[in-house]
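# Report on the structure
One-letter residues, chain by chain:
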Amino acid sequence: MTTFKSDFLRVLHERGHVHQCTDFEALDEKASKGVITAYIGYDATAESLHVGNMATIMMLHRLQQTGHKPIVLMGGGTTKVGDPSGKDETRQLLTDEKIAANIAGIKQNFSGYLAFGNGKTDAVMVNNADWLDGLGYIPFLREVGRHFTINRMLSFDSVKLRLDREQPLTFLEFNYMIMQGYDFVELNKRMGCTLQMGGSDQWGNIVNGVELGRRMKDIELFGLTTPLITTASGAKMGKTAAGAVWMSKNKLSPYDYWQFWRNTEDADVGRFLKLFTDLPLDEIARLEKLRDAEINEAKKILAFEATKMAHGEDEAHKAADTAKATFEGGGTGEGLPVFEFPRGTAPLVIDVVVGSGLAASRGEAKRLIEQGGIRLNDKAVTSVAATVGAEDMDGDTARLSAGKKRHAVLKAR
């Protein structure tokens, strides 16, 4: 379908969020006649979400924008099992305390995208540990497990890929899809939820939930997925040489978050503006027509808008000002990653590159130095044995760069 009655599906379609749906026409009809309640689940495997989660976060954002109610489902229960989708190995099992701490951190990631409260379309955050932790194993198998066949479960990509690669799939993980399906039925019973959304890699799990609702309760549920986002060059969205692009400022500075978006490939600017900002479509159409050096202005707008949603307008302005001072004014700028070391010492540059986050490992830092990619105060570092000496400091500070776009401030204390 390309023409929709509901603002919800129309906006999702116009901005490139729609991939699969269990029944477009019926969902569109339902969304056009009243408020629908929908959820997306997030397992608490880290204390922050990352840019790879942005496609689904924006689905919840668009849902609320168009007058419907979002549920953020935290997988306090399912995190104890681990989703095998897209994984080659079993996840490390986390303690209850670590899962609780991760959930507390993740909750902050949604503050710029959803309005939480008790109103009809206010977002709510719930934890599936509330119902999964109290399940009796035998009653659960009798009530829920009997609706899942091993034949069908073996056909899902999350299982087939692991088996095809001869990687172990534990019985614990094998239960994940049953638990996720049960979440949907439980949210329908508790909160009238009728739609589960997620990335396209979750399609099998989502369909399981839709079918489980029909089998157990004879209720009509819906599933909707967004495409998995890759860059124009084919890379997975949100992955860099230094690792994941985290949304929490205690794991990645707002400046580095801004820089990630500023470094977007030219061919992705228009698409990312549609997906990850609230800019009007006509303004995006103007920006994506820019070419050559002018496209950099569109990238700065993308970086500002994305950072504003994740960290607030003040942090977005600070990041933009820091970039301007660094790249256009020749200064070190405020808000850059800072590496501090004791005054009077001369740390190895290779260690400073890693410690400031400009490289993920000493091996990567060594390669950057050997390739001429590391500069100290705009002078190329030519030896892996180079140190940061007193002569390199302007007072107590110096600037370290990896390539043209990543920088850090060094401070002697």
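Please refer to the structure higher up on the page.
One structure accompanies this document, and this report is about it. (Residues numbered from 1 in each chain as written. Predicted model: local features only at pLDDT ≥ 70, side-chain atom pairs only at ≥ 80, totals over all residues. Heavy atoms only, no water.)

The residue threonine 307 is located in helix α15 (residues 295–311) in this model. Looking at threonine 307, the relative accessible area reads 0%, which means it is buried. Of note is the side chain of threonine 307, whose polar atom sits 2.7 Å from the backbone oxygen of alanine 303. Every residue in contact with threonine 307, bar those within four places of it in the chain, is listed here: Pro254, Tyr257, Trp258, Gly312 and Ala316. (Helix = DSSP H or I, 4+ residues; strand = E, 2+ residues; numbered from the N terminus. Buried < 20%, exposed > 50% of the residue type's maximum accessible area, 1.4 Å probe, protein only. Polar contact = N/O pair within 3.5 Å; in protein donor to acceptor, adjacent residues only side chain to side chain. Contact = heavy atoms within 4.5 Å.)

Attention now moves to the packing of helix α12 (residues 254–262) against α15. For any two helices packed against each other, the geometry is given by the interaxial angle and the distance between the axes. Running from N to C, α12 and α15 point in directions that differ by 140°, and their axes come no closer than 8 Å. Considering their axes alone, α12 and α15 lie oblique with respect to each other. The way α12 lies across α15 gives a crossing that is right-handed. Contacts from Pro254, Tyr257, Trp258, Trp261 and Arg262 of α12 reach α15 at Asn296, Lys299, Lys300, Leu302, Ala303, Phe304, Ala306, Thr307, Ala310 and His311. Broken down by class, the residue content of the contact of α12 with α15 amounts to nine nonpolar, three polar and three charged. (Axes fitted to C-alpha atoms, helices over the stretch in contact; angles between N-to-C directions. Parallel < 35°, antiparallel > 145°, perpendicular 65-115°, else oblique. Left-handed = near helix turned anticlockwise from the far one by under 90°. Nonpolar A, V, L, I, M, F, W, Y, C, P; charged D, E, K, R; others polar.)

Tallying each qualifying case throughout the model produces nine aromatic pairs. With a centroid separation of 5.5 Å and an interplanar angle of 65°, the aromatic rings of tyrosine 39 and phenylalanine 184 are classed as edge-to-face. Placement of the pair is tyrosine 39 in strand β2 (residues 37–43) and phenylalanine 184 in helix α10 (residues 176–191), with a sequence separation of 145 residues. Ring centres 5.4 Å apart and planes at 65° place the aromatic pair tyrosine 42 and phenylalanine 110 in the edge-to-face group. Note that tyrosine 42 is positioned in strand β2 and phenylalanine 110 in the loop between α4 (96–109) and β4 (124–127), a separation of 68 residues in sequence. Each member of the pair, tyrosine 42 as well as phenylalanine 110, is classed as buried. Taken together through their ring pairs, the aromatic side chains of Tyr257, Phe260, Trp261, Phe272 and Phe276 make up a single cluster. Taking NZ or CZ as reference, lysine 251 lies 4.3 Å from the ring centre of tryptophan 246, over its face. (Phe/Tyr/Trp six-rings, centres within 6.5 Å; stacked < 30°, edge-to-face > 60°. Lys NZ or Arg CZ within 6 Å of the ring centre and 35° of its normal.)

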